[in-house]
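Fold and geometry: a report
Take a look at the letters that make up each chain.
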Amino acid sequence: MRSDSRLSRMLHVLLHMARHDAPFTSEQLAQMLRTNPVVVRRTMAGLREAGYVRSDKGHGGGWTLACDLREVTLLDVHRAVGGPNIFAIGVESDNPQCAVERAVNAALDGALREAEAILIARLGAISLADLAANFDVLCAQHEAAAS
């Protein structure tokens, strides 16, 4: 099963946008992500509706940031891009009278709820500014190693 990479891909785009003075066209972003510009526009639309980016048409137009990186979390971006359920694992409920099914579901439901709560809390605790700061550190380390 192929994993959904919308969150990581859009975080990638947002960090590039944060460090770039000019707008990015859908074509430029598509080339960066190795996808189709239509896919970029469809995914970016959720970020635009959430107020995290804006798009301007015409010559010199494109996508730009419209938010304070300190106020947007990874969880916010996940929700804006229509991210899937955190886990694809689920329980079976074809036969609720079956004691085995009820026992299995009880064990899985609790574990999945706990894991999802931990992941959601962690995504909600990391801002785009945190990612940008980490990116800056990694770039500085790379430049120092290259010198």
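Residues numbered from 1 in each chain as written. Predicted model: local features only at pLDDT ≥ 70, side-chain atom pairs only at ≥ 80, totals over all residues. Heavy atoms only, no water.

1. A look at the packing of helix 1 (residues 6-18) against helix 3 (residues 37-49)
Across the interface, helix 1 lies against helix 3 with an axial gap of 11 Å and an inter-helix angle of 65°. Between helix 1 and helix 3, the angle is such that the two are roughly perpendicular. Of the two possible hands of crossing, helix 1 and helix 3 adopt the one that is right-handed. In this structure, helix 1 contributes Met10, Val13, Leu14 and Met17 to the contact, and helix 3 contributes Thr43, Met44 and Leu47. (Axes fitted to C-alpha atoms, helices over the stretch in contact; angles between N-to-C directions. Helix = DSSP H or I, 4+ residues; strand = E, 2+ residues; numbered from the N terminus. Parallel < 35°, antiparallel > 145°, perpendicular 65-115°, else oblique. Left-handed = near helix turned anticlockwise from the far one by under 90°. Contact = heavy atoms within 4.5 Å.)

2. As for the pattern of salt bridges
Side chains that carry opposite charge are capable of pairing whenever their charged atoms lie near each other. Throughout the structure, instances matching the rule amount to 3 salt bridges. The salt bridge partner of Asp136 is Arg19, with a shortest N-O separation of 2.7 Å. Residue Asp136 is found in helix 6 (residues 128-146), and its partner Arg19 is found in the loop between helix 1 and helix 2 (26-33); the two are separated by 117 residues along the sequence. Residue classification places Asp136 among the partly exposed residues on the basis of a relative accessible area of 35%. Since its relative accessible area comes to 41%, Arg19 is described here as partly exposed. Between Glu27 and Arg41 there is a salt bridge, and its shortest N-O distance comes to 3.7 Å. Here the residue Glu27 occupies a position in helix 2, and Arg41 occupies one in helix 3, the gap between them amounting to 14 residues. With relative accessibility at 47%, the residue Glu27 sits in the partly exposed group. (Salt bridge = Lys/Arg side-chain N within 4 Å of Asp/Glu carboxyl O. Buried < 20%, exposed > 50% of the residue type's maximum accessible area, 1.4 Å probe, protein only.)

Just geometry here; none of it tells us what the structure is for.
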